[in-house]
Amino acid sequence: MKRILTGATLVALILMLVACQPESAQQSLDPAAGQEVGTGPDPHSFAEYEKVRVSHLRMDLTADMDEHVLSGHVVLELERIDPDHSRLVLDTRGLDIRDVTAPESGGEHRPLTWRLGEEAGSLGRPLVILLPAGVEAVRIDYASSPAAFGLQWLDGEQTSSGQAFMFSQSQPHYARTWVPLQDTPAVRYTFDATVRVPDDLMAVMGAAGNAFERNDRGEYDFHMPEPVPSYLMAIAVGDLEFAEIGSRSGVYAEPQWIEAAAEEFDVLEEMIDIGVDLYGEYRWGRYDLLVLPPSFPFGGMENPRLSFVTPTIIAGDGSLLALVAHELAHSWSGNLVTNAAWRDLWLNEGFTVYFESRVMEALYGEAVERQLAVLEWRDLVEELENTSDGMASLVLDVDDKDPEQAFIGVPYAKGRFFLDWIEHRVGREAIDAFLRAYFDHFAFQSITTITFRDYLQANLVAEYPDALSMDEVDQWLYEPGLPAFAVAPESDAFDRVDDWRERWLAAEAATSDLPFEQWSVYQRLHFLIGLEDSLEAERMTALDEALALTGSGNYEILFEWLMRSIEARYEPGIERLETFLLNVGRNKFTRPLYSALADTDWGRDWAIEVYQRARAGYHPLTRQASERALGIEEG
Ligand code: BES
Ligand code: ZN
C-alpha cells in the first residue's frame, strides 16, 4: 500500500495557517492562532489534548438523504488542563465549517476567531480556534461533504428496502469527516445527540436511547453515558426494524433481513453471559447488532452498545458467528480499555481475537476453536514472510503512515498468540484473573503498550517469575516475527481434510464421497483453500454438481469458491462473481477478487468494467481498495 505520510511530508505537516475569515477577524488574531500547527502527541491527530481536552459533545444533526449531507452543530465541552493554552485544535476532513462560537448564558453566542490549516492527506485539516480565558465550550456549525470517507450514503435503488440508507465507519480516523473533534483514541468523552431524518426512516447510534420502532417526528435522541474515543462514534439511518433477542440484546436491520438476522444471532444473549463470566461485568447497558447493507466495507465494527455487522455473516446455520463473538469481545478489549494510539492497535485487536477464541470455545467446544486457531496461525506465518520488520512486531511502526495500515493481520493474530502463550505459561486461571483485573483497573481509559507492559510486569510476571520473563515479553512486543518459544496451535481436523483432498485430486475418491456436509465451516474452507491453483474447469463442474458451491449461501465458502473459479476460469462461477461484485462491498472479499482478476490475461478489463458499474454502490474505502487492486487508482 502507498505511504501517504513519509518523514518528508511530516515536516511539511508543520503547517502555515490559511486565512478564511474576514479582514477584521484576522487583525484581532491572537499569536496563539498564528503559531504553526503540527500533529499533537498522537501522530495521527492535530489535537493538543494534553493542554485542552474535549470532555462532552452535544450534537444536533440533520441527515439530508438526497444531498448526502449531515449538517447542524456540535457543542464541545472542554477541560482546560492548561488554562494559559489559548487555542483549541480540532481534526476535520472535508467539513464545511460555517460558524464557530462560544455559547454563553442566556442563549447568546460569542463569535470566536478560527482558521482552517492546510490539507494534510488523510489527516485532513486542523481547525484552530482561539480560546479566550474562561471559555469552556465551543459550538461549531458545519456540514459534512457528500464524499465524506466516514459515511456511506445509499439511495433507494441501492438497498433491499428501496429506501435510502446511511451509515458511518469512524475507525481509525474518519470521525473527523463527519464531526469536528479531537480525533484520537487517546481522548474519551460522553455525548448527547439529536438526529433528524426523513420521517419514514429511523436513526440509530452507538449510544443509549436507540428506539425500538420508528416515530413519526423523524427525530431521535441519544445519550452516551460511558466515555468513548472518537473512532467509536457511530450513526446509521435507514428503514430499520428491531427484533429482540434477549433481555439486553437485539438486532436492527432492513425489513428484508430482520427475520433471518434474529434467527442467526439467537445466541447473542448467551454470548454476552460468556463474556461476563470470563472478564467481568458488561458495562454498556444493552448490546445490539445493526445489520448493514452488503456494501458495508468490513465484517464488523465494534461500535459500543450497537455493533455494526455485514449481512454476509447470515449463513442460515450460525456458522459465521465468530465475527459476532469478536465484536462483542471488543466491549472489553478496545472499548473499555483502548489503545491510546494506532501503533498500539494490538491492545484492541490482539486481545479481542484471544477473547473471541475463548467465547468460541465456550460456545462450540475446543475442537472447533482449535481449527480457527490453526487457520489464524497459518495466515499469520504467511503474512509475516512478506512483512517489513517495523510492521512485524506487536508495537507497529505506523506513526508516519496512514493509520489504515495498522490493520494488518499482525496485531490481530500475533497479539492473540502472545496471550495464548501467556496462558500456556501461567495457566488459564491465572491469565483470566489477570485479565479481569486488567479490564477493571483500566476501565474507560486509553493506554499505551508501555502501560500494559508495566502492569503485566507488576501483576503477572512478578507473581510467576519462573514461568515467564520480561525478556520474552519484550520479544513479542518489540521484535519482528514469532518468537521461537511461541506455541503453535494443533488440530488433526485438517489432516483428515488434507487426506480427502489428496485422494480426490488423485481420483482415488469420488466427488460424491467427500464428507463436505459433515465438516465444520473451517474444514470446508481449508478444503477449498487447499485447492488453490490446482483445478481445471471440468473438475470444478464435478465439485459444483456435488456440493452446490456456486449456489452457496455461506459467503466465506462462496468467496473461496469464486477465487477458485477465477483461477480455473470456471464460467458458472464467473457469472456468480459478477452479481457478487455488484452487490457486496466487503473488502475482505472484493479486494482479493479484483486483485485475482487483474492478474489474469482475460479478466482485467472485464473486472474494471464490472467495477465501474459497481462503484456507485461501494463505500469510499471499498472504492479505494478496489481501484488499487485493479491498478486504476487516481493520483
Ligand atoms: N475494528 C475492526 C474493524 C476495522 C478494521 C475498522 C479495519 C477499521 C479498519 C473489527 O473489530 C474487526 O476486526 N473486524 C473484522 C472481523 C474480525 C472477526 C477479525 C472484519 O471486519 O473483518
Ligand atoms: Zn476487531
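J.: Any chance you could explain the environment of Pro294 here in plain terms?
T.: Relative to the assigned elements, Pro294 resides in the loop between β18 (287-291) and β19 (300-301). The exposure class assigned to Pro294 is partly exposed, which follows from its relative accessible area of 22%. A sequence separation of 123 residues divides Pro294 from Gln171, and the C-alpha atoms of the two residues are 19 Å apart. Each residue touching Pro294, except ones within four places of it in the same chain, is listed here: Pro311, Asn583, Val584, Gly585 and Arg586.

J.: Explain the pairing of strand β2 (residues 53-64) to me, please; I cannot follow it from the model alone.
T.: On any regular strand, side chains alternate: one points to one face of the sheet, the next to the other face. Both β2 and strand β3 (residues 69-79) contribute to a ladder of 11 bridges, which runs antiparallel. Across the sheet, the residue bridging to Arg58 is Val75, located in β3. Hairpin connection, β2 to β3: the antiparallel pair is bridged by 4 residues, and His68 has positive phi, about 65 degrees. Where β2 and strand β12 (residues 189-196) come together, 7 bridges link them in parallel fashion. Its bridge partner lying in β12, His56 is registered against Thr190.

J.: In this structure, what is going on with the confidence of the model for the chain? I would like to understand it.
T.: Parts of the prediction with low pLDDT should not have their coordinates interpreted in detail. For the chain, the mean per-residue pLDDT works out to 94, and 94% of the residues sit at or above 70. Across residues 1-29, where pLDDT falls below 50, the model places 61 contacts with residues more than four positions away in sequence or in other chains.

J.: Explanation requested: the pattern of salt bridges in the structure shown.
T.: A side chain with one charge may pair with a side chain of the opposite charge, provided their charged atoms come close. Inspection of the entire model under this criterion finds 35 salt bridges. Across the pair Arg286 and Asp288 runs a salt bridge, and its minimum N-O distance is 2.8 Å. Assessed through its relative accessible area of 23%, Arg286 is described here as partly exposed. Across the pair Glu556 and Arg586 runs a salt bridge whose closest N-O atoms are separated by 3.7 Å. With Glu556 in helix α16 (residues 555-568) and Arg586 in the loop between α17 (571-583) and α18 (587-598), the pair connects residues that are 30 residues apart, well separated along the chain. Classification of Glu556 as buried rests on a relative accessible area of 12%. Via salt bridges that share partners, Arg358, Glu361, Glu423, Arg428 and Asp432 belong to a single interconnected network.

About the criteria used
- Residues numbered from 1 in each chain as written.
- Chains lettered and ligands numbered in written order.
- Predicted model: local features only at pLDDT ≥ 70, side-chain atom pairs only at ≥ 80, totals over all residues.
- Heavy atoms only, no water.
- Helix = DSSP H or I, 4+ residues; strand = E, 2+ residues; numbered from the N terminus.
- Buried < 20%, exposed > 50% of the residue type's maximum accessible area, 1.4 Å probe, protein only.
- Contact = heavy atoms within 4.5 Å.
- Pairing = 2+ DSSP bridges.
- pLDDT = per-residue confidence, 0-100.
- Salt bridge = Lys/Arg side-chain N within 4 Å of Asp/Glu carboxyl O.

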